Amino acid sequence: MASQEILREEPSRASFINDPKVRSLVFQAVVVVVLGALVWWIVQNTIDNLQRLHIASGFGFLRGRAGFDISDSAIAYTSDSTYGRAIVVGFINTLIVAAAGIVTATIIGFIVGVGRLSRNWLIRKICMVYVEVFRNIPPLLVIFFWYSGVLSVLPAPRDSYHLPFGSFLNQRGFYFPRAMWGEGSWLILVAFLVGIAMAWFVARKAHQRQMATGQQFPVFWTSLALVVGLPVLAYALSGFPLSFDFPKQSTFNLTGGFQVKPEFLSLYLALSCYTAAFIAEIVRAGIMGVSKGQTEAAGALGVRPGSILRLVVVPQAMRIVIPPLTSQYLNLTKNSSLAIAIGYPDLTATAGTVLNQTGQAIECVLIMMVVYLVLSLVTSAVMNVVNARMALVER
């Protein structure tokens, strides 16, 4: 039988348009070109408008004289200071209110969150009402509530409320004694820092000891003795260099002491109370996410309810709480820009004033964007480190 050739046809190559890799590269290239053209158009249009309006671009205006006063400044500032220093003052004010608000909102949020799971009916309902009220009101209205509805109706300085430790509260703010540091008072600060470092070391060693042997160490009282006792000892050894300037009440105003103005108080209280409502729900969800068997097992071992919450439930709940807690910290920091509504000189207010006086809109807006972006990234980085330390480690 004669051998027959079997002709095999090679399959035809698919069109490059139907190739997923080629198609994806083409689409990405088109997107990049369109975005590049859009950015070029925006930049070119901005340059043309600036030239048409005879507005010089650049950041040289920051060295110019500001010419306006700032009511609340943590650093030395006068109307003769530069625009750059005015923006720095606003940035520091934003940092102060954000840091204070984060600490207070966290404390209130944890207390309310735990209270929502209380067996006491009254406590549980009070915490529920708190969360539902503040969570469903815009933050700007909360700020107006504290500013116009609470602080502005306080008595005049002559009728101030007398508070402990020589403090006063009236419609012009909160007055308390100002610390006057004398020669050698730096030893107190050094002793305080050393006390914090030693308290951290004791807490770490106590944890290692408890994990190895099960024996507990009175970390709280030891840390309190170190953080408070060492500065007091340094205060005595350095010759008592610290004194206090107490506010004094007069006919129309108060003199001396340190004044916290109502604008800061309103913003601080509003942001703290508003954000605490969301943190409370996060804490409640985190606690409920811990298996009920953990609580039952600890109770079967004879552990008291308070210790169960502190040593068993909360450490496990923190793994659930920390990621969404980061978002609330970021929201609080960004919501501080609402301070302009009540005249508190934060970054947005001071940069906005600089913008109105100089006309450098692009530069001022860019400065605000970069500052808030950096603050958010730093906050996220810190919380990511905390979250990594709290995460479960697989063996």
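As the structure is a prediction and not an experimental result, all values here were calculated from the model. (Residues numbered from 1 in each chain as written. Predicted model: local features only at pLDDT ≥ 70, side-chain atom pairs only at ≥ 80, totals over all residues. Heavy atoms only, no water.)

> Describe the overall build of the chain, with residues and values.
On a plain count of helices and strands, the chain comes out with 11 helices and eight strands. Radius of gyration (C-alpha) of the chain: 30 Å, far over the 21 Å computed for a compact globule of 395 residues. Projected onto its principal axes, the C-alpha positions of the chain cover 120 × 75 × 45 Å. Restricting the contact set of the chain to residue pairs at least 6 apart, pairs at least 24 apart contribute 68%. With an accessible surface of roughly 25000 Å², the chain has 67% of that area assigned to carbon and sulfur atoms. Positive and negative side-chain charges of the chain, numbering 29 and 18 respectively, have mean locations separated by a distance of 12 Å. (Helix = DSSP H or I, 4+ residues; strand = E, 2+ residues; numbered from the N terminus. Rg over C-alpha atoms; globule rule 2.2 N^0.38 Å. Contact = heavy atoms within 4.5 Å. Areas by Shrake-Rupley, 256 points an atom, 1.4 Å probe, with all protein chains shown as cover. Lys, Arg positive; Asp, Glu negative; His and termini not counted. Charge placed at Lys NZ, Arg CZ, Asp CG, Glu CD.)

> Break down the UniProt feature "transmembrane region" (unreviewed entry) in the chain for me, with residues and values.
Sequence positions flagged by UniProt for "transmembrane region" (unreviewed entry) are, in local numbering, residues 25-43, 87-112, 133-154, 184-203, 224-244, 264-283 and 365-386. As annotated, residues 365-386 has a helix share of 100% and a strand share of 0%, and its two end C-alpha atoms lie 32 Å apart. (UniProt positions renumbered as here; feature names shortened; annotations may be inferred.)

> Explain unusual backbone geometry residue by residue, including any values.
Positioned with a positive phi, Phe 165 is a non-glycine residue whose angle comes to about 65°. By secondary structure assignment, the location of Phe 165 is in the loop between β1 (161-163) and β2 (167-170). For Phe 240, which is not glycine, the phi torsion reads 55° and is therefore positive. Within the secondary structure, Phe 240 sits in the loop between α6 (219-237) and β5 (242-245). You can call Phe 240 exposed: its relative accessible area is 53%. (Buried < 20%, exposed > 50% of the residue type's maximum accessible area, 1.4 Å probe, protein only.)

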